[in-house]
Amino acid sequence: MPWLEIDGKPVEVPAGLNIIEAARLLNVEIPHYCYHAGLTVVGSCRMCQVEVEVGGRKSVAIACNTKAADGMKITTKSEVVHKLRRSILEFYLQHHPLDCPICDDAGECDLQNYYMEHGLHESRVALAEKKHKHKVMDVGPTVVLDSERCVLCSRCVRFCREIVGSDELGIFNHGRDNELLNVPGKQLDNDYAGNVVDLCPVGALTDKDFRFKRRVWYMKRTASVCTGCSRGCNVFVDWEVDRRYKDSVRRVQRLKPRYNRMVNEWWICDQGRYSYHSVDAPNRVSVPRVNVQGNGHVPTVDEVLTRAAARIEQTMEKHGADSIAVIGSAASSNEDLFLLNRLFVDKLKVQNVDVTFGFEKKGKEDEILKRADLAPNRRGALELKIAPSGDGQGGDDLISAAIEGEFEIVIVIRHDLSTLLSEKELAKLRKNTSYILYLASHENGLTEIADDVLPLAMWAEREATYTNFQGRVQKTNIPFTPRGLAVPEWELWQTLGAKLGMKASYESTRDVFNALGTSFDGFKDLTWDSLGAGGKMLGNAPEPAYRRVQTSRPLPAY
Amino acid sequence: MITVRQVREVKLSTWQKTYYPELLRGLWVTSRHFFQNFNRFVGRAVGLKVKRPLVTFQYPEERRPVAPRWRGRHRLMLRPDGAPRCVACMMCETACPDKCIYITAGESLDGRIEKYPVSFEIDLLRCCFCGLCVEACPEDAIRMDSGYIDLGGYTRAEFYMDREFLLKDSALTTHAQFRGELDGVVVTRVDLLAQAKH
């Protein structure tokens, strides 16, 4: 392990690390555009130049393509370095349109940041002499390119080539006509296209979905986990609730990937990236509903739960516990499933509790990130013994049995049975069941026919833990309060349980999670705080082998 | 460097200490100005030639001019091609300490500047007229030199200015500082000049 000195501070770094990464260990940030830890090194931007002294000889080298070696003395903040960066920045800004006021990247733009740190020079090119290139150019269904702002770092080109292997972007022409464009005949329409926007150090590539919606400095950032599939990619939720706008219902503005070496590295898929729309969708269920011909009175959650508790008690007395079926969801968090288990399995001795997987939608699977299993917490359901059949067939059987009229009460969590079942089957289910309680986050066919509907808080509005397919328990954090009267699922079970004689008084999701360990071995050594930012494996299992997130056959690197 | 200045205590004479004579003297000064001005106004109203100009303005028929740097109700400016100058960069919204500006940006596909304000609203009831929005604007799109000094209304909604309302005054030139002039009421400029000289 080489020992070297960066800005006068000695540090020991793993062999093979380049100077940018070595400096990061000391929290020294070396400016760069083209270098990205997830991509091959091209060394084209020349911004990361530092002074390197080896054996008494001083020279200037690019930090991205110079491996840290024993005895190196590196200076990142000398006058020579500063002057170099200043001159290089001037080249980058030579034909830059300086349209920061209308650029979405303003505020998180490296060109802006480095200019404020190093440049601060007057432009020597008159505005009229600037070279004009393509503006507002569609490179794909989700991304817009502004060639004038591009610094030709080729990060996006390398991403498409090395990670996705689709090779849709390229840099064409020479000299000052040098320009980023689509490879002829190709559109940037791969499943990971949104990542090029995150990669772009300037505002050349912008996201159509986020374009002009908010300025970046308005938003606050919360670390969370994507619940789009069983991968559980780490994300940041960027949200803004302070300002009144015409579209003020939109709280989550965008999702950005959060680095987790063992799960998703720097990337997320587009499906997950744009999945946040459902959080602020107009068809959210925000208040409880009792589907009886009434006077329009909006019941409270407690009123509905009292109704439900009375119904359950009556039915238990008359027909026994076997007349109740609970069709759980693998999209519920560990805490939700734990209290569901305690209430129905432990307390009420209901046999017919199962999570259905067969009815879950199947996604497109690839070797990069996407998984066919779209349930974010399938592994957690197995671990918490909510799925006794193991394969999820039990849940499907429950639904079939419910349609045939074997149960008096059917409790459905999240599943939109109206799209999963045919109209005939749904009508039959309604006819054969005396009471349907539906816990839903969105309006659908089932909220129309269910007896009682309770609003559920969604993943972005609450704290929760999910167990991904590897067995990694990861947590989400709260950015803002749930819409309307919506509550996390476990709170509903706790309140319902209190009315049915269950003793549980958890104050927060953390309490519930910390209590999981006493009942389930897998969660024994896990506490909310020990999960950290990157999550922990169930039952202290060893970390799975590191696998670089990319297709097995990327196109050859440069 | 700190300097110390000695202030001598004002010693009142016995006459001043008796209080009432001084009070009456003050009243006399006030009354004299009132009646002088009153007589001049009445005199001018009945057609007499009054040498000295009036001290007060006969509001609302006459309006007092405001300085060019005076900050009044906002207005939005237009480009020569008729589009709003504003590019919805949200700088004013960001700078606003009262958070009374609400802009919704949109994308224009007609070959003009790609970003424009779909809606631009200012809640005047929250505004503190600090002028930071004008300072922040990189496009000279928002100004506070409309010269409107009398802001009144019967409902809160009247103080909620939308984009069209703000653009209405874009044609005002900077030197047209007189609301009265724009309304067709002539301000006696001679009077004003004499006032300034006096």
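Conventions adopted
- Residues numbered from 1 in each chain as written.
- Chains lettered and ligands numbered in written order.
- Predicted model: local features only at pLDDT ≥ 70, side-chain atom pairs only at ≥ 80, totals over all residues.
- Pairing = 2+ DSSP bridges.
- Helix = DSSP H or I, 4+ residues; strand = E, 2+ residues; numbered from the N terminus.
- Domains from an automatic or database assignment.
- Axes fitted to C-alpha atoms, helices over the stretch in contact; angles between N-to-C directions.
- Parallel < 35°, antiparallel > 145°, perpendicular 65-115°, else oblique.
- Left-handed = near helix turned anticlockwise from the far one by under 90°.
- Contact = placed C-beta atoms within 7 Å.
- Nonpolar A, V, L, I, M, F, W, Y, C, P; charged D, E, K, R; others polar.

## Some remarks on the pairing of strand β4 (residues 57-62) of chain A
Residues and elements named next belong to chain A.
- Relative to β4, strand β3 (residues 49-54) runs antiparallel, the two being bridged by six bridges. Paired with Val52 across the two strands is Ser59, which belongs to β4.
- The antiparallel pairing of β3 with β4 creates a hairpin that spans two residues between the two strands, and Gly55 there sits at a positive phi of about 55°.

## Brief notes about the domain arrangement of chain B
- We note that the domain assignment places domain 1 (14-45) and domain 2 (75-175 + 192-197) within chain B.
- On a C-alpha basis, the centroid separation for the pair domain 1 of chain B and domain 2 of chain B is 46 Å.

## Some remarks on the sheet that holds strand β10 (residues 205-207) of chain A
Residue and element names in this part refer to chain A.
- Pairing within the open sheet is antiparallel, and its three strands lie in the order β6-β7-β10. Only two strands of the sheet have a single neighbouring strand rather than two, namely β6 (137-138) and β10.
- Taken together, the two bridges between β6 and strand β7 (residues 143-145) define a ladder with antiparallel strand orientation. In the sheet register, Asp138 faces β7, and the bridge partner there is Val144.

## Structural notes on the sheet that holds strand β2 (residues 101-107) of chain B
Residue and element names in this part refer to chain B.
- Pairing within the open sheet is antiparallel, and its three strands lie in the order β2-β3-β5. The open sheet has two edge strands with one neighbour each: β2 and β5 (160-161).
- Of the strand pairs in this sheet, β2 and strand β3 (residues 115-123) are connected by seven bridges, and their pairing is antiparallel. Of the residues in β3, the one forming a bridge with Glu107 is Lys115.

## Quick notes on the packing of helix α7 (residues 301-319) of chain A against helix α14 (residues 489-499) of chain A
All names here are of chain A.
- Following both chains from N to C, one finds α7 and α14 inclined at 50°, their axes separated by 9 Å at the closest point. Taken as axis vectors, α7 and α14 run oblique relative to one another. Note on packing geometry: the crossing formed by α7 with α14 is right-handed. Together, Asp302, Leu305, Thr306, Ala308 and Ala309 of α7 and Leu492, Thr495, Leu496 and Lys499 of α14 make up the contact between the two elements.
- Residue composition of the contact of α7 with α14, by class: five nonpolar, two polar and two charged.

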